[in-house]
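# Remarks on the overall topology
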Amino acid sequence: MRSKPQLEAAIRNGGRAVLIVNTRSRRGRRYFDEAGRLLDEAGLRFDEVFPIADPSRMPEIFRETLDSDPDLVVVGGGDGTVKEAVSHVAERDVALGLLPLGTTNNFARSLRLPLNLARAVAVLRDGKVADVDVGRVRYDAEPADAPGDVFANMISVGLSVEVAGHVPHRLKRVVGRGAYALTALRLMPAHQPFDATVRVGDTTRRLTTHQLNVANGSHHAGRPIAADASADDRMLAVYRLGDGARLRLAAETARHALTGHRRTLAQTALLTTDDVYLETDPPLPVDVDGEIRGETPVRVSLVPNALRVMVAQSFLDT
């Protein structure tokens, strides 16, 4: 593995770069041509460009791309696209650049990246290489040696899983991240609470809730989890929204949206850790950065400084 300055120098001195854009994402199709123009005007050149309208091709494209040993992989899309990219790029000698073209762009927000396309391109041109944490979730139902899923932002169980599976793509295109809130309001009256057991070392906590999250990043549904949350702080934040009452779920969700940027992790999280084991009754599907994957029980672990990313010069890289 090269040092971060060595990798940055390779990128600046004409290293191999690849552009992958999910043209099915909320803004991917609309802004693909504009992104190409802005990247060209910024003097950024790519050896290969992949506009992908069929997300099922993403794993194949990333495998082929990384076989050519690029120095920089720039990805345009939302959190699902970023999740796919991170699963391939983490712990490799390559930097990931982001064009935030999704609905909530949670991980881009965690990296303090501008959501304006022109300014995001400027970060690729003028920014630096930093290394940030990722999470890894392993499912009890899989073999012990299975790799599990790498994620950039968070895993969730509960109401948000149903929301992710039911939010209409057309609604996302029309109202953006508000589509998730509208879908949650529609599904909330019928959603059933669940019991969860959270184990960290020798400590066990049992609770009842409609929503439980384990976050590596700093944003959920496009809003800050807490003022001091970061994708580069060497910890996972375990927190719930409300308890078993739907009214308190609605109140806690509103509080999260309105005051998350003013609250600290000490006020928000059940606990912070680098390794946590979760069980639920009944077993529930797991949302991994917007993609429905396996089921609980799961073990979630932090992988520190495993992902190299292009960020603004002002980003605090620890």
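The structure under discussion appears in the preceding block.
Okay, so let's go over this structure. (Residues numbered from 1 in each chain as written. Predicted model: local features only at pLDDT ≥ 70, side-chain atom pairs only at ≥ 80, totals over all residues. Heavy atoms only, no water.)

### So, the overall build of the protein chain
Applicable threshold: Secondary structure elements are defined from DSSP: runs of H or I of at least 4 residues count as helices, runs of E of at least 2 residues count as strands, and each element is numbered from the N terminus. Note that the radius of gyration is over C-alpha atoms, with the globule rule given as 2.2 Å times the number of residues to the power 0.38. A simple rule labels every residue: compare its accessible area, found with a 1.4 Å probe on the protein chains alone, to the largest value its type can have, and call it buried under 20%, exposed over 50%, or partly exposed in between. Contacts are assigned to residue pairs that have any heavy atoms within 4.5 Å of one another. Residue burial considers only the protein chains on display, and all accessible areas are found by Shrake-Rupley using a 1.4 Å probe. Charge counting follows a simple rule: Lys and Arg are positive, Asp and Glu are negative, and His as well as the terminal groups are ignored. Here the site of a charge means atom NZ of a Lys, CZ of an Arg, CG of an Asp or CD of a Glu.
In terms of helices and strands, the protein chain carries 11 helices and 18 strands. Taken over C-alpha atoms, the radius of gyration comes to 19 Å for the protein chain, in line with the 20 Å a tight globule of 318 residues would show. Across its three principal directions, the C-alpha atoms of the protein chain cover 55 × 45 × 40 Å. For the protein chain, with 318 residues in total, the buried portion stands at 53%. Partitioning the contacts of the protein chain with sequence separation of at least 6, the portion at a separation of at least 24 is 74%. By element, 49% of the accessible surface of the protein chain is carried by carbon and sulfur atoms, the whole surface being about 13800 Å². Charged side chains of the protein chain number 41 positive and 41 negative; the gap between the two group centres comes to 7 Å.

### Focus: the nonpolar core
Stated precisely, the cut-off is as follows: For the purposes of this section, nonpolar cores are sets of buried Ala, Val, Leu, Ile, Met, Phe, Trp, Tyr and Cys residues that join through side-chain atoms within 4.5 Å.
Grouped together as the largest cluster of nonpolar side chains are 35 residues, with contacts concentrated most on Ile20, Val86, Leu96, Phe107, Leu111 and Leu307. Of the residues forming this core, the biggest block, 5 residues, is contributed by strand E18 (residues 298–311). Not counting residues up to four positions away in its chain, the partners in contact with leucine 96 are Leu72, Val73, Val75, Ala85, Val86, Val89, Leu307, Arg308, Val309 and Met310.

### Things to note about the environment of glycine 158
With respect to the secondary-structure elements, glycine 158 resides in strand E7 (residues 154–158). For glycine 158, a relative accessible area of 10% translates into the label buried. In the structure, glycine 158 is positioned 122 residues away from threonine 280 in sequence and 9.7 Å away in space, judged by C-alpha atoms. Once residues lying within four places of it in the same chain are set aside, the contact partners of glycine 158 are His191, Phe194, His210 and Gln211.

### Structural notes on the sheet that holds strand E14 (residues 271–273)
Spelled out, the test is: At least two bridges found by DSSP between two strands are what make those strands a pair. Axis geometry follows a simple rule: fit a line to the C-alpha atoms, using only the stretch in contact for helices, then measure angles between N-to-C directions, giving values from 0 to 180 degrees.
Taken together, the 6 strands give an open sheet; going across it, the order is E14-E13-E10-E7-E16-E17, and neighbouring strands pair in antiparallel fashion. Both outer strands of the open sheet, E14 and strand E17 (291–295), are each paired with one neighbouring strand and no more. Direction aside, neighbouring strands of the sheet carry axes that sit 25° apart on average. By the bridge criterion, 2 bridges tie E7 to strand E16 (residues 285–288) in an arrangement that is antiparallel. Paired with serine 156 across the two strands is aspartate 287, which belongs to E16.

### A short note on the pattern of salt bridges
A side chain with one charge can pair with a side chain of the opposite charge if their charged atoms come near. Threshold: Think of a salt bridge as a Lys or Arg side-chain nitrogen and an Asp or Glu carboxyl oxygen that are within 4 Å of each other.
A full pass over the atoms with the stated rule returns 18 salt bridges. Here aspartate 93 makes a salt bridge to arginine 308, at a shortest N to O gap of 3.5 Å. Separated by 215 residues along the polypeptide, aspartate 93 in the loop between helix H4 (79–89) and strand E4 (95–100) and arginine 308 in strand E18 bring together distant segments of the chain. Its salt-bridge partner being arginine 234, residue aspartate 232 comes within 3.0 Å of it at the nearest N-O pair. One salt-bridge network, held together by shared partners, links Arg2, Asp71, Asp93 and Arg308.

### Section: the packing of helix H2 (residues 28–41) against helix H6 (residues 117–126)
For the record, the criterion: By the definition adopted for this analysis, an angle is roughly parallel if under 35 degrees, roughly antiparallel if over 145, roughly perpendicular if from 65 to 115, and oblique otherwise. For any pair of crossing helices, the crossing counts as left-handed if the nearer helix is rotated counterclockwise from the farther one by less than a right angle, and right-handed if it is rotated clockwise.
Interhelical geometry of H2 versus H6 gives an angle of 40° and a closest axis separation of 10 Å. Between H2 and H6, the interaxial angle falls into the category oblique. In the packing of H2 onto H6, the handedness of the crossing is right-handed. Between H2 and H6, the residues in contact are Tyr31, Glu34, Ala35, Leu38 and Leu39 and Leu117, Ala118, Val121 and Leu124, respectively.

### What about the pairing of strand E1 (residues 17–22)?
The element E1 is largely enclosed, with a buried count of 6 among its 6 residues. Of the two faces of E1, the one lined by Ala17, Leu19 and Val21 and the one lined by Val18, Ile20 and Asn22 are each fully buried. Note that E1 and strand E3 (residues 72–77) share 5 bridges and pair parallel. Its bridge partner being in E3, valine 21 is matched across the sheet by glycine 76.

### Concerning the pairing of strand E13 (residues 236–240)
Across the 5 residues that make up E13, a large majority, 4, are buried. Inspection of the sheet shows strand E10 (residues 211–215) paired to E13 by 4 bridges, in the antiparallel sense. Bridging from a neighbouring strand, asparagine 213 pairs with tyrosine 239 of E13. The pairing of E13 with E14 spans 3 bridges and is antiparallel. Bridge pairing links valine 238 to leucine 271 in E14.

### So, the side chain of asparagine 153
The following threshold applies: Whenever a nitrogen or oxygen atom comes within 3.5 Å of another N or O atom, the pair is scored as a polar contact, on the condition that within protein one atom can donate a hydrogen and the other can accept it, and that pairs from neighbouring residues in sequence are kept only if both atoms are in side chains.
For asparagine 153, the position within the fold is in the loop between strand E6 (149–151) and E7. Classification of asparagine 153 as buried rests on a relative accessible area of 4%. Side-chain polar atoms of asparagine 153 contact the backbone oxygen of histidine 219, separated by 2.9 Å. Once you skip the residues sitting within four places of it in the chain, asparagine 153 turns out to touch Asn106, Phe107, Ser110, Val214, Ala215, Asn216, Gly217, Ser218, His219 and Asp289.

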